[in-house]
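Each chain is listed here by its residues.
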Amino acid sequence: MNDRERKNRRASLFYKLKSQGVGHLFMLPWTIGFCVFMAIPIGWSLYLSFQKVSLSSTGLFKYEFIGMQNFKDALFKDNEFTVQITSFFGQMILMIPIIITFSLLVAIMLNQRFKGRFIYRAIFFLPVIFSTGQVLNELFQQGAGDVPFLSQYGIDALVRDNFSGVMADIVTQVLGKIILILWSSGVQILIFIAGFQTISKSIYEAVRIDGASPWSSFWKITLPGIKPFIGLNLLYTTVDFFTFPFNPVMPHIRRNMFNISTGYGYASALAWFYFLLIIVMLLVVLRFLNGSSKAGRA
Amino acid sequence: MKVEIIMKQRVRHLRSLLNGRQAQRVKLLVLGRNTNDGLLAKLFIYFMLTIVAYLYLQPFLYMVSTMVKTLPDLLDPTVQWIPRSIEWENLSRALKGLKYQESVLYTLTLAVIPSFIQVLICSITGYALARLQFSGKNIYFALILLTFLIPPQIMIIPLYVIYSKLGWLNTPFVFIIPALLGQGLKSALFIIIFRQFFQSLPKAIEEAAMIDGASIFRLFFRVILPLSIPACLVVFLFSFVWHWNESYLSSMFLSQDFTPLSVRLEKLETAIFGREPSIEMLAANPVTEGTKMAGAFLIIFPPLLVYMIAQRWFVEGIERTGLVD
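Residues numbered from 1 in each chain as written. Chains lettered and ligands numbered in written order. Predicted model: local features only at pLDDT ≥ 70, side-chain atom pairs only at ≥ 80, totals over all residues.

You'll find chain B entered in an unreviewed UniProt entry as Carbohydrate ABC transporter permease, with Paenibacillus mendelii given as the organism. The UniProt entry for chain B carries this comment under Sequence similarities (unreviewed entry): "Belongs to the binding-protein-dependent transport system permease family." We quote the UniProt Subcellular location (unreviewed entry) comment for chain B here in full: "Cell membrane". (UniProt positions renumbered as here; feature names shortened; annotations may be inferred.)

The name given to chain A in an unreviewed UniProt entry is Carbohydrate ABC transporter permease, with the source organism recorded as Paenibacillus mendelii. Turning to chain A, the UniProt annotation filed under Subcellular location (unreviewed entry) states: "Cell membrane".

Visitor: Kindly report on the overall build of chain B, identifying the contributing residues and their values.
Guide: Looking only at helices and strands, one finds 17 helices and zero strands in chain B. Counting across all 325 residues of chain B, residues that qualify as buried make up 36%. Sequence-distant contacts, at least 24 apart, represent 75% of the contacts inside chain B between residues at least 6 apart. (Helix = DSSP H or I, 4+ residues; strand = E, 2+ residues; numbered from the N terminus. Buried ≥ 20, exposed ≤ 12 C-beta atoms within 10 Å, placed from the backbone. Contact = placed C-beta atoms within 7 Å.)

Visitor: Kindly report on the overall build of chain A, identifying the contributing residues and their values.
Guide: The number of helices and strands found in chain A is 15 helices and two strands. Relative to its 298 residues, chain A shows a buried fraction of 33%.

Visitor: Give a detailed account of the packing of helix H10 (residues 186-196) of chain A against helix H13 (residues 227-242) of chain A, specifying residues and quantitative values.
Guide: Residue and element names in this part refer to chain A. At a closest axis distance of 10 Å, the pairing of H10 and H13 adopts a crossing angle of 165 degrees. Judged by the angle between their axes, H10 and H13 are roughly antiparallel. In this structure, H10 meets H13 at a crossing whose hand is right-handed. Between H10 and H13, the contacting residues are Val-187, Gln-188, Ile-191, Phe-192 and Gly-195 on the first element and Phe-229, Leu-232, Asn-233, Tyr-236 and Thr-237 on the second. Grouping the constituent residues of the contact of H10 with H13 by class yields six nonpolar, four polar and no charged. (Axes fitted to C-alpha atoms, helices over the stretch in contact; angles between N-to-C directions. Parallel < 35°, antiparallel > 145°, perpendicular 65-115°, else oblique. Left-handed = near helix turned anticlockwise from the far one by under 90°. Nonpolar A, V, L, I, M, F, W, Y, C, P; charged D, E, K, R; others polar.)

Visitor: Would you mind going over the packing of helix H5 (residues 100-131) of chain B against helix H8 (residues 173-180) of chain B in detail, with residue names and values included?
Guide: For any two helices packed against each other, one specifies the inter-axial angle together with the distance between the axes. All names here are of chain B. The interhelical angle for the contact between H5 and H8, taken along N-to-C directions, is 5 degrees, at an axis separation of 8 Å. Put simply, H5 runs roughly parallel to H8. Each of Leu-110, Ile-113, Pro-114, Ile-117, Gln-118 and Ile-121 in H5 lies in contact with H8, whose residues at this interface are Phe-175, Ile-176, Ala-179 and Leu-180.

Visitor: I'd like a description of the nonpolar core, backed by residues and values.
Guide: Among the nonpolar cores identified, the biggest contains 128 residues, and A:Leu270, B:Phe194, B:Val235 and B:Ala296 are the most heavily contacted of them. For this core, the two domains that each supply at least three residues are domain 1 (2-86) and domain 2 (99-266) of chain B. Those residues in contact with B:Val235, other than ones at most four positions away along the chain, are B:Gln118, B:Val119, B:Cys122, B:Phe190, B:Ile193 and B:Phe194. (Core = buried A, V, L, I, M, F, W, Y, C linked by C-beta atoms within 7 Å. Domains from an automatic or database assignment.)

Visitor: Quick rundown of the interface of chain B and chain A? Include the residues and the values.
Guide: Taken together, the 69 residues of chain B in the interface contact 71 residues of chain A. Secondary structure elements with two or more residues in the side of chain B that touches chain A: helix H2 (39-67), H5, helix H6 (137-149), helix H7 (152-166), H8, helix H12 (229-245), helix H14 (261-266) and helix H17 (288-320) of chain B. The residue inventory of the side of chain B that touches chain A, partitioned by class, reads 47 nonpolar, 16 polar and six charged.

Visitor: Summarise the UniProt feature "transmembrane region" (unreviewed entry) in chain B; cite the residues concerned and give the values.
Guide: Residue and element names in this part refer to chain B. UniProt tags residues 39-57, 104-127, 139-163, 175-198, 219-244 and 293-310 as "transmembrane region" (unreviewed entry). Taken end to end, residues 175-198 is 75% helix and 0% strand, and its two terminal C-alpha atoms sit 26 Å from one another. Measuring from the first to the last C-alpha atom of residues 219-244 gives 33 Å, for a span that is 96% helix and 0% strand.

Visitor: Residues and numbers for the environment of B:Gly290, please.
Guide: All names here are of chain B. Here Gly-290 is to be found in helix H17. Sequence separation between Gly-290 and Lys-69 is 221 residues, and the spatial gap between their C-alpha atoms is 6.9 Å. If we skip the residues at most four places from it in the chain, Gly-290 touches Thr-66, Met-67, Lys-69, Leu-74 and Asn-90.

Visitor: An account of the UniProt feature "transmembrane region" (unreviewed entry) in chain A is requested, with residue identities and associated values reported.
Guide: Residues and elements named next belong to chain A. Per the UniProt record, the feature "transmembrane region" (unreviewed entry) sits at residues 21-47, 88-111, 118-136, 174-196 and 266-289. Helix makes up 87% of residues 174-196 and strand 0%. Its end C-alpha atoms lie 29 Å apart. Within residues 266-289, the helical portion is 100% and the strand portion 0%, while the C-alpha atoms at the span's ends are 35 Å from each other.

Put into structure tokens, the structure is as follows:
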């Protein structure tokens with residue numbers, strides 16, 4: 001008996017070790033890739049952001065430690081960057097709720113059963129297929145994304161009357177490319193539709209028998225049920241905006257990268273500054289979402 | 001007499017009941033039992049969706065109509081959607097300016113090879129995260145989420161230097177090698193999708209294969225991967241489309257010679273005029289609008305074809321497999 005037990009234990013230990021090895025083996029490509037294409041670039045760019053980088057005459061980089069100077073320059077000296085980043089964050093704070101509400105509404109409608117649903121689904125997913133940055137840029141430059149009724153009904157003027165200078169600029173900019181903003185909500189619609197499938201139909205039936213109206217069943221069941229998906233969409237949209245063709249931070253970083261007087265160090269500092277702002281914004285919103293869901297449950 | 005009166009009353013009563021029921025049926029038909037399956041609600045949904053669909057399609061329609069407009073039509077403000085005559089000049093000029101044959105080939109290389117690799121590598125990684133037991137799994141997962149959240153702007157400078165040292169600039173390696181090592185375009189998202197999918201598979205299949213003495217590799221490639229074809233298709237299609245549409249990284253790493261379509265569209269004017277167009281040149285030849293739209297159309301045309309064929313898997317695949325969770 002004792003012998004067999006020991007054998008069993010040894011076998012299970014061997015099995016555990018083996019499965020450990022297999023697990024890490026399966027993760028190996030990713031791990032190597034993470035080190036080479038993530039960890040090194042991230043660390044390097046963090047290092048660069050504290051340096052003044054210049055090219056020496058022999059074509060090598062010369063580093064010179066300057067502490068927080070790059071960040072200070074970005075905040076106080078570079079008047080273009082601060083203007084761009086505040087305006088873009090203002091736009092983002094407007095655009096993200098628009099995208100999420102819009103995709104939620106469309107997803108609710110597409111989730112109903114009616115004839116020809118697949119045609120509408122195909123249409124709403126179409127922009128994912130051709131939202132190349134360049135194509136969007138060209139379309140936008142030629143004014144294809146304009147909504148005709150904005151100027152026809154004087155909404156522009158209405159906005160200018162009701163908001164102060166900077167705010168009005170942001171609002172009109174967002175309204176000006178509203179179609180292209182709506183265009184970037186294809187994946188979000190899909191995520192919401194997938195989210196609806198996770199709520200079981202029997203709950204709706206039970207609530208209907210209890211006499212709840214569809215209106216209240218939406219607020220009491222659907223919305224709490226898809227709260228995680230709202231968070232997911234929020235994350236996805238924010239990440240999507242990193243390479244959004246109208247993100248002004250991106251070309252600005254590139255311009256500084258190849259600029260001799262500022263260079264790689266300053267450009268990395270700009271990128272890190274942008275990232276930190278994004279993280280802070282995400283944390284605030286996610287905390288808010290979590291908090292409200294806890295309050296709803298209590 | 002009495003019987004007759006009673007009969008009449010009965011009939012009237014029955015008729016009113018019937019009418020009531022009919023009225024109710026009509027009411028049900030129009031308003032529905034659930035308020036969202038009645039005729040009225042359906043009409044409303046059709047109405048709203050059609051409006052939004054029109055807004056959605058408008059830029060695309062604009063693209064197609066501008067593409068075939070003649071110069072007088074372009075300049076005439078009364079011609080808005082339907083041109084008076086169709087001209088193919090723009091299209092042929094864009095074909096030439098983009099060097100279409102060559103660049104489609106390049107873009108296909110950049111889209112197909114990394115997508116295949118991504119399906120393979122991301123499924124392996126996703127499977128490990130979903131089913132295998134090993135230490136530090138949560139740390140791996142957290143790091144994968146982190147790679148999803150980090151903006152490419154942060155890494156683009158070091159990557160540019162690394163790639164240029166390795167001599168990979170202007171070659172497809174800038175997409176292939178990172179994909180091979182699980183760091184390709186949106187790889188983190190695909191890993192999470194695969195993880196989610198594998199977690200939803202019943203464990204019994206694997207246990208049965210294990211008891212039959214299959215090794216883990218055999219199990220994965222012979223049993224699990226064939227079972228997860230729907231997930232593979234979704235990931236492949238998304239990866240293909242996103243690689244095709246990629247313009248940020250390719251404008252950094254692939255700016256010369258080996259350039260995909262998106263980069264060429266940016267330089268279309270230069271390609272047509274031979275150099276940066278001056279104001280006089282533009283004044284002499286103001287039709288670049290139509291040519292650019294033709295170029296844009298040429299870019300979206302191949303993925304549009306793929307989408308028409310694979311539409312079902314794109315849209316239904318994701319919700320049916322419950323991939324996003």
